[in-house]
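Spelled out, the chains give:
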Amino acid sequence: MGYKEVYESWKRDPDAFWMDAAQAIDWDRMPSKALFDENAPLYEWFSDGLVNTCHNAVDRHVEAGNGDRTAIIYDSPITGRKEKISFAELQTRVAQLAGALRQQGLEKGDRVIIYMPMVPQALEAMLACARLGAIHSVVFGGFASNELAVRIDDAKPKAIIAASCGLEPGRTVQYKPLYDGAIDLARHKPEFCVILQREEHRAELEPGRDHDWHDFQEGAEPAACVPVEGNHPAYVLYTSGTTGAPKGVIRATGGHLVALNWTMKNMYNVDPGDVFWAASDVGWVVGHSYICYAPLVHGNTTVVFEGKPIGTPDAGTFWRVISEHNVRSFFTAPTAFRAIKREDPKGEFVKKYDLSFLRVLYLAGERADPDTINWAAAQLGIPVVDHWWQTETGWTITGIPMGLEKMEVKIGSSGVPMPGYDIQILDETGKPQGPGELGAVAIKLPLPPGTLPTLWNAEDRFRKSYLDTFPGYYETGDAGMIDEDGYLYIMARTDDVINVAGHRLSTGAMEEVLAEHPDVAECAVIGVGDQLKGQLPVGFICLTKGVNRPEGEITAECVKLVRDRIGPVAAFKLCVVVDRLPKTRSGKILRATMVKIADGTEFKLPATIDDPAILDEIKVALQSIGYAKD
Ligand code: COA
Ligand code: AMP
């Protein structure tokens, strides 16, 4: 069947479609139906089934006689280490770790925060939680103590599993001061921590609280898989919203397994045994879905890559990994390609490697600019597929399902809707728009299996953020249009979320930090266009009356404050002092207009603007940092 037939078959009978997809999963008790809509507009999938994620990702492959196949390839150009772990080895390691965690009192439903770099043990920790039915929440290593503390207080974990350090080019990131700081700041205190000591830096363990990863597993009874209900949360992943408080996206177990497994062949066109590589980080949704769960559930080999697209050691690293490990399908963010293109515009490194195994390059996480796509396609000589999704959905909303059909790729579009997604473009009143017309991108409810059922501890926020604006729809927060052929084009966010190097960040969160500086009376943070990272945050601060210290001193403190509070990942390095901020007469800061001035795009003077002269001051300030060029 081609794409159209498959999409139509889903539309005709969604329950039959998803129950059929569910056959590919090993259930301890088959669910009686797919959709549970008793609490609409809150929906659940496969709720009365019983299943275990770790069994499906690991044990079942061993039981099927494929224990010798490689489950994980660890390739770390930053340390020079490489390792291959078979499914059978992974089973032993994960069962042992789960057994040790249980010995410490961890049970089904308990939360565990995982704060680890790109090492195989990060996946083992996730799978060990899944084995017990414990709910993990992985926090990206580039976040600072305060962000970790916010997540600890929301998730209330019984345990934290961390490493002693992460490795960034030219610097060792010691994790202990970060999680110690977070535990100090948080009101909730975890009962115990498990620390993986890395050679590059060993942490001083806290007696009574911290356990060494290896020592605490000794003598533990390996744990069997605990079947959980289909609607049991597999994990909570925090993502940026419009305010400083991150949203805890819940992933329910049954739908997660069914949907991810479906994508591996149909979207990414890999068969069990093929090597699949998503060059992301386990701290992001791409890492959850496509470094850890989907490839393993589907019986693929996944690559855990600890390095950067450039500088570890050069712009040929990706090609080396692809050729050395025979990667079939490769997934990364456009930023990575922009970085490689900048260092190696003629593709000299590409020519050095045999990339004949690679069939398709998939891009997501931010808008893929046509220049980058064209360059990548020309260098690699394979289709480049841009696909669009969010932490909330956990898998592709629109894309080109290469395993179903080699459809036309349209540059600038992120493809066509996957089964399960009925996408509409709506105007402000909720009226559906025609082909080519711009509007808010909304998805008709229910969302498919694998997407978020609600937010952790925050059902009201879930309704307010996603369901209330357009009744009957999920509001994506993205704006765009659909063309005559049904291809979607994502143009911009409709909220204050920005995307920096494929990392989703909240300008609101940065504003909350800046506002805490004693010399800052008022502030605004916007995302301006950047050649490499797509967007970069720029802060505007108005000083408190009477402050007459050098402005450079204050802006440097502001930059440090954001780095200390949110983390280096915020990439907040540009901050300027202005006398006033442009506002509407009702006092709303005109951030969108400021972005247009910075990027040099045309804009209409907002009719409600209080004092247009302020825009000239903003332009001068932006010019002082290299933006708003005439
Ligand atoms: N732990 C600690 N610090 C981290 C970190 C981590 N896991 N990840 C990033 N950081 C730090 C970086 O070291 C950098 O610090 P600096 O300000 O001291 O230089 C800062 O956070 C900003 O990082 P980043 O925005 O990634 O910039 P970069 O200059 O280090 O690298 C790219 C630029 C393009 C090479 C890099 O962003 C990249 O590989 N992007 C791919 C995007 C991606 O995989 N996205 C995932 C979603 S699919
Ligand atoms: P995240 O939740 O971190 O995956 O970020 C999701 C957001 O990133 C989306 O809502 C979009 O704004 C943006 N995004 C992700 N993929 C794409 C894409 N292919 N094209 C354009 N924007 C994208």
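Residues numbered from 1 in each chain as written. Chains lettered and ligands numbered in written order. Predicted model: local features only at pLDDT ≥ 70, side-chain atom pairs only at ≥ 80, totals over all residues. Heavy atoms only, no water.

## Re the site of ligand 1
Link 1 in the chain: Taken together, the neighbourhood of ligand 1 is formed by 22 residues, with Glu168, Arg171, Lys533, Arg563 and Lys573 sitting nearest.
Link 2 in the chain: Here glutamate 168 contributes a side-chain N or O atom positioned 2.6 Å from an oxygen atom of ligand 1.
Link 3 in the chain: Out of a free accessible area of 940 Å², ligand 1 has 83% covered by protein chains.
Link 4 in the chain: The residue makeup of the shell around ligand 1, split by class, is 10 nonpolar, 6 polar and 6 charged. (Near = heavy atom within 4 Å. Polar contact = N/O pair within 3.5 Å; in protein donor to acceptor, adjacent residues only side chain to side chain. Areas by Shrake-Rupley, 256 points an atom, 1.4 Å probe, with all protein chains shown as cover. Nonpolar A, V, L, I, M, F, W, Y, C, P; charged D, E, K, R; others polar.)

## Some remarks on helix α7 (residues 176–185)
Working note: α-helix, 3.6 residues per turn, so residues spaced by three or four point in the same direction.
Link 1 in the chain: Burial of α7 is extensive: 7 of the 10 residues sit out of reach of the surface.
Link 2 in the chain: The set of residues buried in α7 consists of Lys176, Leu178, Tyr179, Asp180, Gly181, Ala182 and Ile183.
Link 3 in the chain: In this fold, the buried residues of α7 make contact with β7 (111–115), α6 (145–155), β9 (159–163), β11 (171–174), β12 (192–196) and β13 (210–212). (Buried < 20%, exposed > 50% of the residue type's maximum accessible area, 1.4 Å probe, protein only. Helix = DSSP H or I, 4+ residues; strand = E, 2+ residues; numbered from the N terminus. Contact = heavy atoms within 4.5 Å.)

## Let's talk about the packing of helix α1 (residues 3–12) against helix α2 (residues 14–22)
Link 1 in the chain: Relative orientation of the contacting elements α1 and α2 amounts to 115°, with a least axis distance of 5 Å. For the pair α1 and α2, contact is made by Val6, Ser9, Trp10, Lys11 and Arg12 and by Pro14, Phe17 and Trp18, respectively.
Link 2 in the chain: Residue classes in the contact of α1 with α2 are distributed as 5 nonpolar, 1 polar and 2 charged. (Axes fitted to C-alpha atoms, helices over the stretch in contact; angles between N-to-C directions.)

## Regarding the environment of alanine 159
Link 1 in the chain: Looking at the secondary structure, you find alanine 159 in strand β9.
Link 2 in the chain: Between the C-alpha atom of alanine 159 and that of isoleucine 183, which follows or precedes it by 24 residues, the distance is 11 Å.
Link 3 in the chain: Discounting chain neighbours no more than four positions away, the residues touching alanine 159 are Arg111, Val112, Ile113, Pro190 and Phe192.

## A closer look at the layout of surface pockets
Link 1 in the chain: Roughly 500 Å³ of volume is contained in the second largest pocket.
Link 2 in the chain: Pro417, Ile482, Asp485, Gly486 and Tyr487 are, among the 22 residues lining the second largest pocket, the residues nearest its centre.
Link 3 in the chain: Broken down by secondary-structure element, the contributors of at least two residues to the lining of the second largest pocket are α1, β23 (416–417) and β24 (423–426).
Link 4 in the chain: For the lining of the second largest pocket, the leading source of residues is α1, giving 5 residues.
Link 5 in the chain: Grouping the constituent residues of the lining of the second largest pocket by class yields 10 nonpolar, 4 polar and 8 charged. (1 Å grid on protein atoms, 1.4 Å probe; cavity = no way out; pocket = protein on both sides within 12 Å on 5 of 7 lines; lining within 4 Å. Points joined across faces, edges and corners; volume = space filled by probe spheres on them.)

## A word on the site of ligand 2
Link 1 in the chain: Around ligand 2 sit 15 residues, and of these Asp386, Thr391, Asp478, Arg493 and Arg504 come closest.
Link 2 in the chain: Interatomic distance of 2.7 Å between a side-chain N/O atom of aspartate 386 and a nitrogen atom of ligand 2.
Link 3 in the chain: Within the contact set of ligand 2, an oxygen atom lies 2.5 Å away from a side-chain nitrogen or oxygen of threonine 391.
Link 4 in the chain: Bound to the protein, ligand 2 loses 92% of the 490 Å² it would expose on its own.

## Thoughts on the pairing of β12
Link 1 in the chain: Along β12, 5 of the 5 residues are buried, which leaves the element largely enclosed by surrounding structure.
Link 2 in the chain: Where burial is concerned, the two faces of β12 agree: the one with Phe192, Val194 and Leu196 and the one with Cys193 and Ile195 are both buried.
Link 3 in the chain: Bridging between β9 and β12 involves 5 bridges; their strand directions are parallel. Considered in β12, the bridge of alanine 159 is made with phenylalanine 192.
Link 4 in the chain: In the sheet, β12 pairs with β13 via 3 bridges, with the strands oriented parallel. (Pairing = 2+ DSSP bridges.)

## Re the environment of serine 506
Link 1 in the chain: Mapped onto the elements of the fold, serine 506 is located in strand β29 (residues 503–506).
Link 2 in the chain: Along the primary structure serine 506 and aspartate 485 are separated by 21 residues, whereas in three dimensions their C-alpha atoms are 34 Å apart.
Link 3 in the chain: Leave out the neighbours within four places in its chain, and serine 506 touches Ser240, Gly241, Thr242, Thr243 and Asp496.
Link 4 in the chain: Among the polar contacts made by the side chain of serine 506, one reaches the main-chain carbonyl oxygen of glycine 241 at a distance of 2.9 Å.

## Quick look at unusual backbone geometry
Link 1 in the chain: Along the chain, threonine 312 connects to proline 313 via a cis peptide bond; the corresponding omega equals 0°.
Link 2 in the chain: Within the secondary structure, proline 313 is located in the loop between β18 (301–305) and α10 (317–324).
Link 3 in the chain: Cis geometry marks the peptide bond from leucine 445 to proline 446, where omega comes out at 0°.
Link 4 in the chain: Mapping proline 446 onto the fold places it in the loop between β25 (439–444) and α14 (459–467).
Link 5 in the chain: One non-glycine residue, asparagine 326, lies in the positive phi region at around 55°.
Link 6 in the chain: Here asparagine 326 lies in the loop between α10 and β19 (327–332).
Link 7 in the chain: Take asparagine 326: its relative accessible area is 35%, and that puts it in the partly exposed class.
Link 8 in the chain: Positioned with a positive phi, asparagine 457 is a non-glycine residue whose angle comes to about 60°.
Link 9 in the chain: Position of asparagine 457 relative to the elements: it lies in the loop between β25 and α14.

Take it as geometry only, folks, not as evidence of what the structure does.
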